[in-house]
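Spelled out from the first residue to the last, the chains are:
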Amino acid sequence: MTFTTFSFDQRINASVEACGYQAPTPIQSQTIPLILQGHDVMGLAQTGTGKTAAFALPILQRLLAKRSAGNAPSVLVLAPTRELAQQINENFTAFARRTGIRSSVVMGGVGMKPQIKAFKSSQVIVACPGRLVGLMAQNAVNLSAIDTLVLDEADRMLDMGFMPDIKRILAQLPAKRQNLLFSATMPNSIRVFAERILSDPKTVRINTAKPVTSIEHAFYNTCNSEKNALLENLIKNTEHQSMLIFTRTKHKAKSLARRLSQNGHNATFLQGNMSQRQRENALNGFRSGRFSIMVATDIAARGIDCDRISHVINYDMPDTVEAYTHRTGRTGRAGRSGKAISLVTRDDAAQLRAIQRTMNISVKPQSVQIPVEERDRNERKAPRPRRKPVNRSAANKGRTPARRGPRAA
Ligand code: AMP
């Protein structure tokens, strides 16, 4: 099958060719005809399968066909993170280059004024829910002409607590519209959400629960005090192009990137506490190859599309099977091969079983003997406990038992 099957406008075909796409991916070949026919679509596919073009190309085709450009956008795409929103907007802009259709991004971390202006000149708005609701609260945007809504990475948007914002946005949209919902996973919450939003949808499912075959999975037994030494050892002994390393906390992402830089690696980090400019610098540096390693938290790394990522390393195991799917989906993209490596401690045993069972991965965790001097060099110095006399019964009054804190990003 080729893209000519879809009978796209020749300007769209030319853009697709300029992007170097020769044949549609499975999600594209199944979804594009349905969107062109005007159906609501539920697309279940992992990241890296070509989802963006699967909705962007037919949306542009439909826009060209009706082409009565008013002064309000008619397509709204909602995405969970700034990085993903920017990426989708870049894709729309590239595909629409020859058509005169404009796409703009609406997200936090940058000024509001240009975004408000963009609403008057763009047909497509790609937005993060939080910023869009902020603009709506100021009565600064007009959503009355939206006739196509895309919810990308819907599972992640719900995980991130965007449901109230999404409800506020939906309340402002015209009832008659085409709805497209994409999700890498299908938890019950998405099923319920989809039932509410989609009208008589067609479902396209591309191997959701199975690992992408282009990704090789490996697991290494370790303990917290040996993780740094093991990581160093793996980096040293693995031929890699670019590595994306995931940590549980923002603080760890930063401190680990610093440690790796001190050890002579070109490392940067990406987490939610950084300014927009810092995030872009890190991401652009990683994409261009200036940094060969990026340490990131889950939220910040969501949606990153970087061809160069040959390895994803879970320095800390993810909380859920879905998160494992998303993280490891950063490598092995668009038919390339990649490797996912996870450092597994005793505390992660149950999580590892859940991941292996759900994703049908039968690889056994392996152990690496780290030379003593390497271990000592990398061992984290634990802060010395403060020796302050306390009245224990008074100090413990009203306290809840210690538990793992939430995983910030
Ligand atoms: P996505 O899942 O939309 O993030 O796309 C993942 C990667 O696949 C991106 O780098 C796209 O540019 C690339 N891609 C999308 N569709 C195709 C295609 N038909 N042929 C080759 N690469 C593609």
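Here, every reference points to the structure presented above.
How each quantity is defined
Residues numbered from 1 in each chain as written. Predicted model: local features only at pLDDT ≥ 70, side-chain atom pairs only at ≥ 80, totals over all residues. Heavy atoms only, no water. Phe/Tyr/Trp six-rings, centres within 6.5 Å; stacked < 30°, edge-to-face > 60°. Helix = DSSP H or I, 4+ residues; strand = E, 2+ residues; numbered from the N terminus. Buried < 20%, exposed > 50% of the residue type's maximum accessible area, 1.4 Å probe, protein only. Lys NZ or Arg CZ within 6 Å of the ring centre and 35° of its normal. Pairing = 2+ DSSP bridges. Right-handed = clockwise from strand over helix to strand, strands pointing away. Contact = heavy atoms within 4.5 Å. Axes fitted to C-alpha atoms, helices over the stretch in contact; angles between N-to-C directions.

(A) Expanded view of the packing of aromatic side chains. Tallying each qualifying case throughout the model produces seven aromatic pairs. Ring geometry for Phe55 against Phe92: centres 6.2 Å apart, planes inclined by 45°, an arrangement best described as tilted. Within this pair, whereas Phe55 is found in helix H3 (residues 51-66), its partner Phe92 is found in helix H4 (residues 82-95), the two being separated by 37 residues in sequence. Residues Phe55 and Phe92 agree in their burial class; the two are buried. Among the aromatic side chains, those forming a connected cluster through ring pairs are Phe3, Phe6, Phe8, Tyr21 and Phe95. Lying across the ring of Tyr315, Lys227 places its NZ or CZ 5.1 Å from the centre.

(B) View of the pairing of strand S11 (residues 293-296). Burial along S11 is two-sided: the residues Ile293 and Val295 and Met294 and Ala296 are all buried. Bridging between strand S9 (residues 242-246) and S11 involves four bridges; their strand directions are parallel. Following the sheet pairing, Leu244 is matched in S11 by Met294. Since strand S10 (residues 267-270) and S11 lie parallel, the crossover through helix H12 (residues 276-288) that links them has a hand, and here it is right-handed.

(C) The environment of Phe286, seen in detail. If you trace the backbone, Phe286 turns up in helix H12. Separated by 42 residues in sequence, Phe286 and Leu244 place their C-alpha atoms 9.2 Å apart. Apart from residues lying up to four places away in sequence, Phe286 is in contact with Ser242, Met243, Leu244, Phe291, Ser292, Ile293, Met294, Cys306, Arg308 and Ile309.

(D) Expanded view of the sheet that holds strand S2 (residues 75-78). Here seven strands make up an open sheet; going across it, the order is S3-S4-S2-S5-S6-S1-S7 and the pairing parallel. Each of the sheet's edge strands pairs with one partner strand only, and the pair in question is strand S3 (103-106) and strand S7 (202-206). Pairs of neighbouring strands in the sheet enclose a mean axial angle of 15°, with direction left out of account. Where S3 meets strand S4 (residues 124-127), four bridges bridge the pair, whose relative direction is parallel. Bridge pairing links Ser104 to Ile125 in S4.

Limitation: the analysis is restricted to geometry and does not speak to function.
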